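Working through the structure, step by step
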Amino acid sequence: MDNTQETQPVIIAGLNNNQANFDYSMDELKNLVTANHMTAIDTMIQNLERPNPATYFGKGKVEELAQLAAAQSVAIVVVNDELTPSQIRNLEEQTKIQIMDRTALILEIFAQRAQTKEAKLQVEIAQLQYRLPRLRTSVNQRLDQQTGAGGGSFTNRGAGETKLEMNRRTIKNSISHLRAELAEIDKSAITRRAQRDKNDIPTAALVGYTNAGKSTIMNGLIKMFGVADDKQVFEKDMLFATLDTSVRQLTLPDNKQFLLSDTVGFVSQLPTHLVEAFKSTLAEASQADLLIQVIDYSDSHYKEMMQTTADTLAEIGIKDIPMINVFNKADKLTIDFPALEGDDQIVLSAQDPKSLKMLVDLIRQHLFKDYVTADLLIPFADGDVVSFLNDQANIMKTEYLEDGTKLTVELSKVDLQRFKKYVI
């Protein structure tokens, strides 16, 4: 992605109806604007008990917004909420400027970041669902303008599609077609997960707020415990650097293996359509034995970010999965790290190898807590079993006796059952 491209000046606007995290949400909106190759050059805030049903802001503020935009020579206002179709239409008619709500902004960022076919399909489904009730608003006439001004694209299905003013039937047919395509991809993913389940390899999933450091941790662990030809996942200091779930198998020094997945990051007020579309991607987290929530400890709003993660996981039906909290970016603070805080919290820096080793020890305690130590006596004729265990298990002691090889070994309950005839 070209980060040298010219950014577009915008005004960000929000309505404060006494919500506790309003300032935080406005700061986040500014960061989202930056992620979309825009620059927030001014801010307008109205304190109002409830939104105006017709124009969201009150009459006086709408006039003020029009004057502010004219004075700043700004053509786009980004509003910190999802607006109704009529609110967008009325605001644009009264201010003569383009109105982009928070949902459209996030969708546009996702459209730019999507790389794989699965992510592109998911984003496009969410975009079409967003557009469906807005066909009669001026938002449809300005979609083409958005694709040129911001350097991104409101859709990834080719330049021609956004130039058509599609009717409701066409959009619904398109959504059905895209969902069918996505379902085929989902079938392959389900098959892969079923095969992994059959192999009895425990799984852990990195979850958390966007740009908290999930991919950095993933890459650090791949480097330490992955195989030589494992590809690193994309990693960059920006919101929603990656939308695609990556899964890697890691092998610890004691031969214990687990799968680690890196999932799409969350953000507050993540559009419902987008959450729904990405449920298949987040299925890796829903099937995990352990969730690893990565938190940007250096951000003063980290508690709000943790709540957003909890809310999003609940929204997609992920619950009752053990979780450890990883307070990352401790190197930006004047605190000692790495440091364990109980059985399910750790303070660390993803850039620090010592931190990653301590994290792996914590993961090991959770994923392999049901492992048992057993003594096996394996006849010499079954040497292939000894070879398998030497490669795949943690051999604590080996003795060569007259009637076979005696191993003291750590085993999962599945493997203990598998080799029960050798147990002594």
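Structure shown above.
The following refers to the structure shown. (Residues numbered from 1 in each chain as written. Predicted model: local features only at pLDDT ≥ 70, side-chain atom pairs only at ≥ 80, totals over all residues. Heavy atoms only, no water.)

Description of the sheet that holds strand 12 (residues 372-378)
Read from one edge of the open sheet, 3 strands run 12-14-13, paired in antiparallel fashion. Only two strands of the sheet have a single neighbouring strand rather than two, namely strand 12 and strand 13 (394-401). On average, each strand axis in the sheet is tilted by 15° relative to the strand beside it, whichever way the strands run. In the sheet, strand 12 pairs with strand 14 (residues 404-411) via 7 bridges, with the strands oriented antiparallel. Each residue of the ladder has a partner; that of isoleucine 378, found in strand 14, is threonine 405. (Pairing = 2+ DSSP bridges. Helix = DSSP H or I, 4+ residues; strand = E, 2+ residues; numbered from the N terminus. Axes fitted to C-alpha atoms, helices over the stretch in contact; angles between N-to-C directions.)

Topic: the nonpolar core
Core analysis: the largest hydrophobic core is formed by 64 residues, its most contacted members being Phe57, Val78, Leu105 and Leu291. Dropping the residues within four chain positions of it, leucine 291 is found in contact with Ala205, Val207, Ala285, Leu313, Ile318, Ile321, Pro322, Met323 and Ile324. If you look at the next biggest cluster of nonpolar residues, it comprises 28 residues, including Ala212, Leu348, Leu359 and Phe368. (Core = buried A, V, L, I, M, F, W, Y, C linked by side-chain atoms within 4.5 Å. Buried < 20%, exposed > 50% of the residue type's maximum accessible area, 1.4 Å probe, protein only. Contact = heavy atoms within 4.5 Å.)

Describing the packing of helix 1 (residues 22-35) against helix 4 (residues 102-113)
Two elements in contact, helix 1 and helix 4, have axes whose closest approach is 10 Å; the angle formed by their N-to-C orientations is 40°. The orientation of helix 1 with respect to helix 4, classified from their angle, is oblique. Both helix 1 and helix 4 take part in a crossing whose hand is left-handed. Contacts between helix 1 and helix 4 involve Ser25, Glu28, Leu29, Leu32, Val33 and Ala35 from the former and Arg102, Leu105, Ile106, Ile109, Gln112 and Arg113 from the latter. For the contact of helix 1 with helix 4, the class distribution of residues is 7 nonpolar, 2 polar and 3 charged. (Parallel < 35°, antiparallel > 145°, perpendicular 65-115°, else oblique. Left-handed = near helix turned anticlockwise from the far one by under 90°. Nonpolar A, V, L, I, M, F, W, Y, C, P; charged D, E, K, R; others polar.)

A short note on unusual backbone geometry
The peptide bond linking phenylalanine 337 to proline 338 adopts the cis configuration, its omega dihedral lying at -5°. Its place among the elements puts proline 338 in the loop between strand 9 (323-328) and strand 10 (339-340). Backbone geometry places asparagine 18, a non-glycine residue, at a positive phi of 70°. With respect to the helices, strands and loops of the structure, asparagine 18 is situated in the loop between strand 1 (8-16) and helix 1. At aspartate 320, a residue that is not glycine, the phi angle is positive and equals roughly 60°. Relative to the assigned elements, aspartate 320 resides in the loop between helix 12 (302-315) and strand 9.

Focus: the pattern of salt bridges
One pass over the full model with this rule turns up 13 salt bridges. Between arginine 102 and glutamate 28 there is a salt bridge, with the nearest N and O atoms lying 2.1 Å from each other. Of the two residues, arginine 102 is situated in helix 4 and glutamate 28 in helix 1; the sequence distance between them amounts to 74 residues. No difference in accessibility class separates arginine 102 from glutamate 28, as the two residues are buried. The salt bridge partner of glutamate 410 is lysine 256, with a shortest N-O separation of 2.5 Å. Remark: lysine 256 occurs in the loop between strand 6 (246-251) and strand 7 (257-262) and glutamate 410 occurs in strand 14; sequence separation between them is 154 residues. Because the salt bridges share partners, they merge into one network encompassing Asp254, Lys256, Asp361, Arg364 and Glu410. (Salt bridge = Lys/Arg side-chain N within 4 Å of Asp/Glu carboxyl O.)

Some thoughts on the packing of aromatic side chains
Taken as a whole and assessed by the stated rule, the structure comprises 7 aromatic pairs. An angle of 50° between the planes, with centres 4.9 Å apart, marks the rings of tyrosine 297 and phenylalanine 327 as tilted. Taken together, the residues tyrosine 297 in the loop between strand 8 (290-296) and helix 12 and phenylalanine 327 in strand 9 connect sequence positions 30 residues apart. Centroid distance phenylalanine 388 to phenylalanine 419: 5.9 Å. Interplanar angle 50°. Geometry classified as tilted. Of this pair, phenylalanine 388 sits in helix 14 (residues 383-392) while phenylalanine 419 sits in the segment after helix 15 (413-418), and the two are 31 residues apart along the sequence. Overall, phenylalanine 388 belongs to the partly exposed group, its relative accessible area being 28%. Taking relative accessible area as the criterion, phenylalanine 419 reaches 5% and is therefore assigned buried. Counting every residue linked through ring pairs, the aromatic cluster contains Tyr297, Tyr302 and Phe327. Taking NZ or CZ as reference, lysine 256 lies 5.9 Å from the ring centre of phenylalanine 368, over its face. (Phe/Tyr/Trp six-rings, centres within 6.5 Å; stacked < 30°, edge-to-face > 60°. Lys NZ or Arg CZ within 6 Å of the ring centre and 35° of its normal.)

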